[in-house]
Amino acid sequence: MKTHSRLFKLTPLAAVLAAGSTLATNGYYPHGYGMKAKGMGGVTTALTQDSMGGANNPASMAWVGSRLDIGADIFMPDRDAERTGAAIPPINGKVESDKKAFLVPEFGYTRSMGNNWALGLTVYGNGGMNTTYPQGNFQCPTPTGSFVPANMLCGSGELGVDLMQLVIAPTVAYKLNEQHSVGASLLLGYQRFKANGLQAFGAISSDPANLTNNGYDSSTGVGLRIGYLGRISDMVSIGASYASRLNMSKFDKYRGLFAEQGGFDIPSSYSLGVAIQATPTVMVALDVGRINYSDVPSVHLPSASASPLGAANGPGFGWADTDVFKIGVAWKMSDAWTLRAGYNRGDNPISPADVTFNIIAPGVMKDHYTLGFTWAASPNDEITGALMLAPRQSVTGTSYFDNFFGPGAGGSETIRMKQSLIGVAWGRKF
């Protein structure tokens, strides 16, 4: 029996986060968690700057004292898909995803318990499969040889999917001594999903009644994040963090779409980081990490699988594991102002062979450029802002529709996306 309703009530902000989560950037993970990180290329693993440790490095919470962080950003992805060169001209064309601005909140709280202990709570989200393509002017052939109005993937009505992943992370951290700390976060996961306009794929589904247009379904699961942070000297800190795979219950309404009869776990990930106090006012930090999409068959398996959709080895989105590189700099310009800048480079997980399936999930981004600031409005209150720009990326490949209409009949398809983000957060020290 599903327990998402009880889990989702663990914090009032959870419902808000669920409504706001949307398309992300390193695959379907954000380029960073926390507004300070978002303005610094996403770097966090060796830093102790806010209460978002449950999403980054739980060990960092041992050093930040008692504080509250609440913020939100407006995330603006621009997505489109195009088919050209098809032997069946009415299936050629271009379509853009409608909704292009989303509100994404963030929340963190930590409390110093004395004797080197700290407790905290972080609430964060992932997204990454959010598209709403109008039906457009496409027409697709029927078995009788006639043509009917259809969307780009030869289904009817609006085409798209919506995936939201929410994680509530109660955290404990402990200072081993004045140089080293460890921490752990219990990861309580909730996710929901819907798909529309995929009727044409009923022919290759193990359960066509549970493939598309069934509204939202939800699932829950549990995982663990562990972390270490070491202050090697007055100038250098290092950090490491690992999050296990969250084993999620299945999407029953979409067991004819996702491999393993509706399986869709949240993949494991890890990060290593170093922060260097280059001068009394300038900090430079670097993270390297990986998101293991190969943990999740429905995400990782290639779309060319011979098994039907929903089967144990059925077609997936073909996403490869993603290596992520982040670098950022913070300049404490005065007692009141800190300025930040950063760069984030993630692998594009989508290959040309899997373009058709990823029309509904075009997570092709690579480069992210960021700026940020913090203004200390008082000794206990601060305002942080962040800006992110990610230039357009695209992937082109042969259409999967060759399998339906014959070799060369489907032409080639291109998926594209660019992104921007602007956000602000309030931090309060207690």
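Up top is the structure.
Before going into details, it helps to say that this report is about the structure given with it.

Quick notes on the rules
- Residues numbered from 1 in each chain as written.
- Predicted model: local features only at pLDDT ≥ 70, side-chain atom pairs only at ≥ 80, totals over all residues.
- Heavy atoms only, no water.
- Salt bridge = Lys/Arg side-chain N within 4 Å of Asp/Glu carboxyl O.
- Helix = DSSP H or I, 4+ residues; strand = E, 2+ residues; numbered from the N terminus.
- Buried < 20%, exposed > 50% of the residue type's maximum accessible area, 1.4 Å probe, protein only.
- Disulfide = S-S within 2.5 Å.
- Phe/Tyr/Trp six-rings, centres within 6.5 Å; stacked < 30°, edge-to-face > 60°.
- Lys NZ or Arg CZ within 6 Å of the ring centre and 35° of its normal.
- Core = buried A, V, L, I, M, F, W, Y, C linked by side-chain atoms within 4.5 Å.
- Contact = heavy atoms within 4.5 Å.
- Patch = residues over 30% accessible without salt bridge, like charges linked within 9 Å, V, L, I, M, F, W, Y side chains within 5 Å.
- Areas by Shrake-Rupley, 256 points an atom, 1.4 Å probe, with all protein chains shown as cover.

Counted according to the given criterion, the structure contains 18 salt bridges. A salt bridge links E82 to R416, with the shortest nitrogen-to-oxygen separation between them at 2.8 Å. Here the residue E82 occupies a position in strand β1 (residues 67–84), and R416 occupies one in strand β18 (residues 412–429), the gap between them amounting to 334 residues. Accessibility expressed as a relative area gives 23% for E82, which makes it partly exposed.

This paragraph deals with the state of the cysteines. With the rule as written, the count across this model stands at one disulfide. Note on cysteine connectivity: C140 is disulfide-linked to C154, with sulfurs 2.0 Å apart. Around the S-S axis, the bridge from C140 to C154 shows a dihedral of about -80° and counts as left-handed. Here C140, found in strand β5 (residues 138–141), pairs with C154, found in the loop between β6 (147–150) and β7 (160–175); they are 14 residues apart in sequence, far enough to count as distant. Both residues of the pair, C140 and C154, count as buried.

Moving on, we come to the packing of aromatic side chains. For any pair of aromatic rings, geometry is given as the distance between the ring centres together with the angle between the planes. One pass over the structure, following the stated rule, counts 27 aromatic pairs. With a centroid separation of 5.6 Å and 80° between ring planes, the pair formed by F201 and F357 is classed as edge-to-face. Of the two residues, F201 sits in the loop between β8 (180–196) and β9 (217–231) while F357 sits in the loop between β15 (337–346) and β16 (367–376), which places them 156 residues apart along the sequence. The buried category is assigned to F357, whose relative accessible area is 10%. Both rings, one in F357 and one in Y400, keep their centres 5.1 Å apart while their planes meet at 65°; by these two values the pair is edge-to-face. Taken together, the residues F357 in the loop between β15 and β16 and Y400 in the loop between β17 (381–398) and α6 (402–405) connect sequence positions 43 residues apart. Comparing F357 with Y400 shows no difference in burial state: the two are buried. The residue whose ring lies beneath R192 is Y216, and the NZ or CZ to ring-centre distance is 4.4 Å.

Quick look at the nonpolar core now. Counting residues in hydrophobic clusters, the biggest one holds 63 residues, and the most contacted among them are F193 and F201. Every element with two or more residues in this core is listed here: β1, β5, β7, β8, β17 and β18. At four residues, β7 tops the list of elements feeding residues into this core. In this structure, F201 is in contact with L153, L211, L309, F357, Y400, F401 and F404, ignoring residues within four places of it in sequence. If you look at the next biggest cluster of nonpolar residues, it comprises eight residues, including V123, M164, L166 and Y190.

Moving on: a nonpolar patch on the surface. A contiguous nonpolar surface patch, about 590 Å² in accessible area, is contributed by M235, L272, I276, V284, V288, F325, I327 and V329. Listing elements by their share of the nonpolar patch, those giving two or more residues are β12 (269–279), β13 (282–291) and β14 (322–332). Ranked by residues supplied to the nonpolar patch, first place goes to β14 with three residues. Within the element layout of this structure, L272 appears in strand β12. Looking at L272, the relative accessible area reads 47%, which means it is partly exposed.

Another point: the environment of P315. You can see P315 is positioned in the loop between α5 (297–300) and β14. Overall, P315 belongs to the buried group, its relative accessible area being 4%. For the pair P315 and S298, spaced 17 residues apart in the sequence, the C-alpha separation amounts to 7.2 Å.

Residue placement: A306 occurs in the loop between α5 and β14. Taking the C-alpha atoms as reference, A306 lies 44 Å from G183; in sequence the two are 123 residues apart.

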